[in-house]
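Listed below, chain by chain, are the residues.
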Amino acid sequence: MRINHNISALNAWRSITNTQYSMGKTLERLSSGLRINRAGDDAAGLAISEKMRGQIKGLNMAVKNAQDAISLIQTAEGALNEVHSILQRMRELAVQASSDTNTDVDRAQIQKEVDQLVEELNRISRTTEFNTKKLLDGSIKGYRTSADMKVVTGGNLSVQISNVSSLSSITQSATYVIEVGNFDGNATLDVRVVQITTDASSPTETNVTFGAGAVTVDGGKIKITWDSSFDYAINGDATSLPKDEIIDSAVVRVEGVNTTNDQLIFQIGSNEGHNMFTGIDEMSAKALGVQGLDVSDQNSAERSIMIVDAAIHRVSTARAKLGAIQNRLEHTISNLGVASENLTAAESRIRDADMAKEMMAFTKQQILLQSAMSMLAQANAIPQNVLQLMR
């Protein structure tokens, strides 16, 4: 029998140490609710779960971004509701002034109200904002913008999209729809679709409906020229296109274009590139074509009805677009919620502790610790038997 080294006691002590270490780990998991509390617990699991946590936080913030975007859209749409009401009243006044049952004095009174309504349109366009960001003053480029048109020698019509910045600012494919109409309320007579590829220096033209056309780059701008052998309505009279005359009546609708600092960008995802672009048209009286609306005589008042109708249509189009964007954002929020929920479940399986499993382990460790303590006491008593040999 040896007394310098009590191997049985050392064995019991080692078991106690191991059990206490395991019990400490289990207590830590039970206290924190996490299976992984430090990298040493599961190095690979920690790295994977941290990446998932970043995605989850990004998805949750994207939901907030989409909700804020809806608030912005609703602010703009609420202002456009008032614009619609004003335009409807202006149309009502134009119809009233069109009747010769009114005297010139009566029409002068009607004109005063029309002028005030025009001023209110300009005020709404100038002051409507969300988080100090102007919404309807044209600072946020919409898909529709004006362009100068000039009939050049030979009767060809050219349109230069002067308020798209430079071609270098176009970072993705874009479609430009050239609508030939005028701000006097005449219906669109021609539609020209120009597809700008990612190589903006080589634009291509599609859907040519009238004669041969050409797309060129002129001074950093996109220039479209095509044959003018079709009638163009000016103030309701169908005439041929006048030559060498600037016509401020082209409307350019830009679809899907991403230019720098001219559209709203909503971050609606957790990663780079998960965003959507939109714009809001300018809604001033000039942009709507009702600046200086005249109802002072029967002819002008009757023509004003058509002008206001065109403005109402434009506002209706803008509101419909905003409504579609809001619906899209609502679907986005639902989709983000599902993605966040499922990714959280996956992260939880890696990171969170199974409390029932840990309680079973803790109970086992308690029993093993008590048993080992008892065996250590027994092992410590064994060397005392040596004293029996000394009697």
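Here the structure is a predicted model, which means the values were calculated and not measured.

Enquirer: How do you make sense of the packing of helix H1 (residues 7-32) against helix H6 (residues 355-381) when you look at a structure like this?
Expert: When two helices pack together, their arrangement is given by the angle between the helix axes and by the axis-to-axis distance. Close contact between H1 and H6 brings their axes to 8 Å; oriented N to C, the two are set at 160 degrees. Considering their axes alone, H1 and H6 lie roughly antiparallel with respect to each other. Helix-helix and strand crossings are classified by hand; for H1 and H6 the assignment is left-handed. Of the residues that constitute the contact of H1 with H6, the class distribution is 18 nonpolar, eight polar and two charged.

Enquirer: Looking at this structure, I do not really get the packing of helix H2 (residues 43-97) against helix H3 (residues 104-127). What am I missing?
Expert: Following both chains from N to C, one finds H2 and H3 inclined at 165 degrees, their axes separated by 10 Å at the closest point. Taken together, the axis directions place H2 and H3 in an arrangement best described as roughly antiparallel. Here the hand of the crossing between H2 and H3 comes out left-handed. Here H2 contributes Ala79, Glu82, Val83, Ile86, Leu87, Arg89, Met90, Leu93, Gln96 and Ala97 to the contact with H3, which in turn contributes Arg107, Ile110, Glu113, Val114, Leu117, Val118, Glu120, Leu121 and Ile124. Class assignment of the residues belonging to the contact of H2 with H3 gives a composition of 13 nonpolar, one polar and five charged.

Enquirer: Honestly, the confidence of the model for the protein in this entry has me stumped. Any pointers?
Expert: Should pLDDT be low for a region, the predicted coordinates there are not to be read in detail. Across the protein, pLDDT averages 75, with 68% of residues at or above 70. Low pLDDT (under 50) marks residues 203-261, which in the prediction has 196 contacts with non-local residues, meaning those over four places away or in another chain.

About the cut-offs
Residues numbered from 1 in each chain as written. Predicted model: local features only at pLDDT ≥ 70, side-chain atom pairs only at ≥ 80, totals over all residues. Heavy atoms only, no water. Axes fitted to C-alpha atoms, helices over the stretch in contact; angles between N-to-C directions. Helix = DSSP H or I, 4+ residues; strand = E, 2+ residues; numbered from the N terminus. Parallel < 35°, antiparallel > 145°, perpendicular 65-115°, else oblique. Left-handed = near helix turned anticlockwise from the far one by under 90°. Nonpolar A, V, L, I, M, F, W, Y, C, P; charged D, E, K, R; others polar. Contact = heavy atoms within 4.5 Å. pLDDT = per-residue confidence, 0-100.

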